[in-house]
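# Results of the structural survey
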Amino acid sequence: GEAAWRPDAPGRPSKQPPNDDGSADEGSIRSLWGKTVLAAAVILVAGYALAQSGAALAEQTGLGEGFFGAVFMAFATSLSDISIVFSAVRLGRYEMAIGDLFGSALFTLALVFPIDAVYRGEPVLGAVENSTTFFAILAAAMAALFVAGAVERRGARIGRMGVDSLALLGTYAVGISVLYRMR
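One structure accompanies this document, and this report is about it. Once a new chain begins, its residue numbering starts again from 1 and follows that chain's sequence as written. At least 70 in pLDDT is required for a residue's local features to be given in this predicted model, at least 80 for side-chain atom pairs to be given and counted, and no such filter applies to totals for whole chains, interfaces and linings, which use all residues. The side-chain quantities take in all heavy atoms of the structure and omit both hydrogens and water.

## Examining the packing of aromatic side chains
Any Phe, Tyr or Trp ring, taking Trp's six-membered ring, that has another such ring centre within 6.5 Å forms a pair; planes under 30 degrees apart are called stacked, those over 60 apart edge-to-face, and the others tilted. Per the stated rule, a full pass over the model turns up four aromatic pairs. Relative to Tyr-180, the ring of Phe-67 lies with its centre 5.3 Å away and its plane at 70°, an arrangement referred to as edge-to-face. Of the two residues, Phe-67 sits in helix α2 (residues 65-77) while Tyr-180 sits in helix α7 (residues 163-182), which places them 113 residues apart along the sequence. Their ring planes at 35° and their centres at 5.1 Å tell us that Phe-68 and Phe-72 sit as a pair that is tilted. Highlighted residues: Phe-68 and Phe-72, both in helix α2, separated by four residues, approximately one helical turn. Accessible area is worked out with a 1.4 Å probe on protein chains only. A residue is then buried under 20% of its type maximum, exposed over 50%, and partly exposed in between. Residue classification places Phe-68 among the buried residues on the basis of a relative accessible area of 8%. Residue classification places Phe-72 among the partly exposed positions, given a relative accessible area of 41%. Every member of this aromatic cluster is reached through a ring pair, and the members are Phe-67, Phe-68, Phe-72 and Tyr-180. Here a helix means four or more residues in a row that DSSP labels H or I, a strand means two or more in a row labelled E, and each is numbered from the N terminus.

Okay, structure coming up:
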């Protein structure tokens, strides 16, 4: 297996295939920025529509906003991350894949500050239900499992999955079932 994590461990080389002339095809930087900004704008507009329809579905199904948001809305808003992660892994860009996952989660959590800054009621975190608090604790536990797996890279596997990945999957499944019962 792979040695445990060390702060000076070198990264993995990129597996991006070169072109016929030996260079990597990355397109013009201006074109890439334009595509990125356009895609971000589409996601921003779609997010508003998703929030509106999600709130209505949560009410109509009786699943509750906390459960519906933690499962269905989270899945829907993670579709872009799923696409990025699988594409990055396929290109051998593992740091980008994991960076996207954790960067997205951290950025989303940081949104609590501007929400509190513009919202006129009580602080948002003070208004959440117990189920949302539980889900936050579950997310912290899963992050701790990931960190443990990243630091201790001995490569223990069951089938093709690492033991840490299976622990994350199991923790998520148990957490979702508890959250469902809490709704």
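## As for the side chain of Asp-81
If you trace the backbone, Asp-81 turns up in helix α3 (residues 79-90). Although Asp-81 lies buried, it forms no salt bridge, and the closest oppositely charged side chain, Arg-90, sits 15 Å away as judged by the N-O distance. A contact between two residues is defined here by any heavy atoms of the two lying within 4.5 Å. If near-sequence neighbours (up to four positions away) are discounted, Asp-81 is found in contact with Asp-100, Leu-101 and Ser-104. The positive count covers Lys and Arg only, the negative count covers Asp and Glu only, and His and the chain ends enter neither. When a carboxyl oxygen of Asp or Glu is within 4 Å of a side-chain nitrogen of Lys or Arg, the pair counts as a salt bridge.

## A word on the environment of Ser-131
Within the fold, Ser-131 resides in helix α6 (residues 130-151). The class of Ser-131 is buried, set by a relative accessible area of 7%. A sequence separation of 50 residues divides Ser-131 from Arg-181, and the C-alpha atoms of the two residues are 9.3 Å apart. Residues contacting Ser-131, with those up to four places away along its chain left out, are Gly-66, Leu-179 and Met-182.

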